Amino acid sequence: MNSKSIKIDDTSGAATELGYIFTFLLGVLLLSVFSIWTWDIETATRDRWNEQAIQMNLDDIAAAIERADEASRLGDIEYSESVWWRATEADENLLSLQLTNNSLILIDNGGSLDTEVFVSGTGSGAHSGTVELSGAQMIWVVHKDGITSIEVDRPQ
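Residues numbered from 1 in each chain as written. Predicted model: local features only at pLDDT ≥ 70, side-chain atom pairs only at ≥ 80, totals over all residues. Heavy atoms only, no water.

**Structural notes on the sheet that holds strand β8 (residues 147-151)**
Backbone hydrogen bonds hold the strands of a sheet together, and the pairing may be parallel or antiparallel.
Here's step 1: Across the sheet, which stays open at both edges, the four strands sit in the order β1-β7-β8-β5 with mixed pairing between neighbours. A single partner strand is all that each edge strand has here, and the edge strands are β1 (79-84) and β5 (126-128). Pairs of neighbouring strands in the sheet enclose a mean axial angle of 15 degrees, with direction left out of account.
Here's step 2: Across the sheet, helix α1 (residues 12-72) is in contact with β1, β5, β7 (138-144) and β8; its angle to β1 comes to roughly 170 degrees. (Pairing = 2+ DSSP bridges. Helix = DSSP H or I, 4+ residues; strand = E, 2+ residues; numbered from the N terminus. Axes fitted to C-alpha atoms, helices over the stretch in contact; angles between N-to-C directions. Contact = heavy atoms within 4.5 Å.)

**Focus on the pattern of salt bridges**
Here's step 1: In the structure shown here, the tally under the stated rule is four salt bridges.
Here's step 2: For Arg-86, the salt bridge identified is with Asp-60, shortest N-O distance 2.8 Å. Here Arg-86 is found in the loop between β1 and β2 (95-99), whereas its partner Asp-60 is found in helix α1, with 26 residues between them in sequence.
Here's step 3: Relative accessible area serves as the criterion here: at 30%, Arg-86 is assigned to the partly exposed category.
Here's step 4: For Asp-60, a relative accessible area of 30% puts it in the partly exposed group.
Here's step 5: As a salt-bridge pair, Glu-81 and Arg-67 come within 2.5 Å of each other at their nearest N and O atoms. Pair noted here: Glu-81 is in strand β1 and Arg-67 is in helix α1, with a separation of 14 residues, a long-range link.
Here's step 6: Residue Arg-67 is classed as partly exposed on the basis of its relative accessible area of 38%.
Here's step 7: What emerges from the salt-bridge pattern is a single network uniting Glu-42, Arg-46 and Glu-89. (Salt bridge = Lys/Arg side-chain N within 4 Å of Asp/Glu carboxyl O. Buried < 20%, exposed > 50% of the residue type's maximum accessible area, 1.4 Å probe, protein only.)

Now the structure itself:
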């Protein structure tokens, strides 16, 4: 007959179990660090793309303003051009554009996207206009009666 005895001081099973627990916790830690790292990369990429889209929008509008100024030097004419506003991640309810004689200014009332693009101001008239970008898909650059302006509504 076989007799088996139980050893009371056998700790090899407990050590193996603790090894499993620490290995599991190490995996959880590494996965957590990896997920935070990838989230930071994704957020930084989205922010960079957003800033680039806004800068491209401003550059397109500034180029249209320059063309309107060039047309204004030809004499007493009316000029209008539409510029598509690219979609951005920014809250456009808080964004507005302001045109001054020498610059196109993006005003962000809720963030850090304030920026300015300089225009030559070499037209025969003055620049003016403020546009709220909430829901705007197109910005119109208009030269009429000696004033170059930006508008959301199509000129008549």
